[in-house]
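Structural characterization, general
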Amino acid sequence: MFDTILFIFAALAAIVGGILTISVKNIMHACVFLLLSLLGVAGLYLTLGADFVGVIQLVVYVGGVVVLMVFAVMLTSGS
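Attention here is on the structure that accompanies the text. As the structure is a prediction and not an experimental result, all values here were calculated from the model. (Residues numbered from 1 in each chain as written. Predicted model: local features only at pLDDT ≥ 70, side-chain atom pairs only at ≥ 80, totals over all residues. Heavy atoms only, no water.)

A look at the overall build of the chain
Going by this rule: Comment: elements are numbered from the N terminus, with helices defined as DSSP H or I runs of at least four residues and strands as E runs of at least two. Categorising residues by exposure relies on relative accessible area from a 1.4 Å probe, with only protein chains included: less than 20% of the type maximum marks a residue as buried, more than 50% marks it as exposed, and the intermediate range marks it as partly exposed. What makes two residues a contact is simply this: any of their non-hydrogen atoms within 4.5 Å. Values of accessible area rely on a 1.4 Å probe in the Shrake-Rupley scheme; residue burial ignores everything except the protein chains shown.
Looking only at helices and strands, the chain features three helices and zero strands. Counting from the amino terminus, the chain carries its helices and strands in the arrangement α-α-α. For the chain, the residues scored as buried account for 22% of the 79 residues in total. Summarising the internal contacts of the chain: among those between residues at least 6 apart in sequence, 53% fall at separations of at least 24. As displayed, the chain offers around 5,300 Å² of accessible surface, 80% of which is attributable to carbon and sulfur atoms.

Listed below in structure tokens is the structure:
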């Protein structure tokens, strides 16, 4: 029962984060919503029992790609 609730919460985080990423105009808000979406996908992997894939999702995508996007936005002064 608890696993089902965590799965639904992670799925909603991934879906809502993805929709908000493509719908907002501010690029910094889009980066934050992309982070939410990627965390939701990692949560989905972890609740399904794919621990290695979930940790790799966290390290590579959430840790690397989002930080790279934030630095690119800061250096190009995007709004």
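Brief notes about the packing of helix α1 (residues 2-23) against helix α2 (residues 27-47)
Heads up, the condition is: Axis geometry follows a simple rule: fit a line to the C-alpha atoms, using only the stretch in contact for helices, then measure angles between N-to-C directions, giving values from 0 to 180 degrees. Here the word oblique covers every angle except those under 35 degrees (roughly parallel), over 145 (roughly antiparallel) and from 65 to 115 (roughly perpendicular). If you view the pair so one helix is near and one far, a crossing is left-handed when the near helix is turned anticlockwise from the far one by less than a right angle, and right-handed when it is turned clockwise.
Two elements in contact, α1 and α2, have axes separated by 7 Å at closest approach and are oriented at 155°. Of the possible angle classes, the one that applies to α1 and α2 is roughly antiparallel. With respect to the hand of their crossing, α1 and α2 are arranged in left-handed fashion. The segment α1 lies against α2, with L6, F7, A10, A11, A13, A14, G17, G18, L20 and T21 engaging A30, F33, L34, L36, S37, G40, V41, G43, L44 and T47.

Remember that the coordinates give geometry; whether it matters functionally is a separate question.
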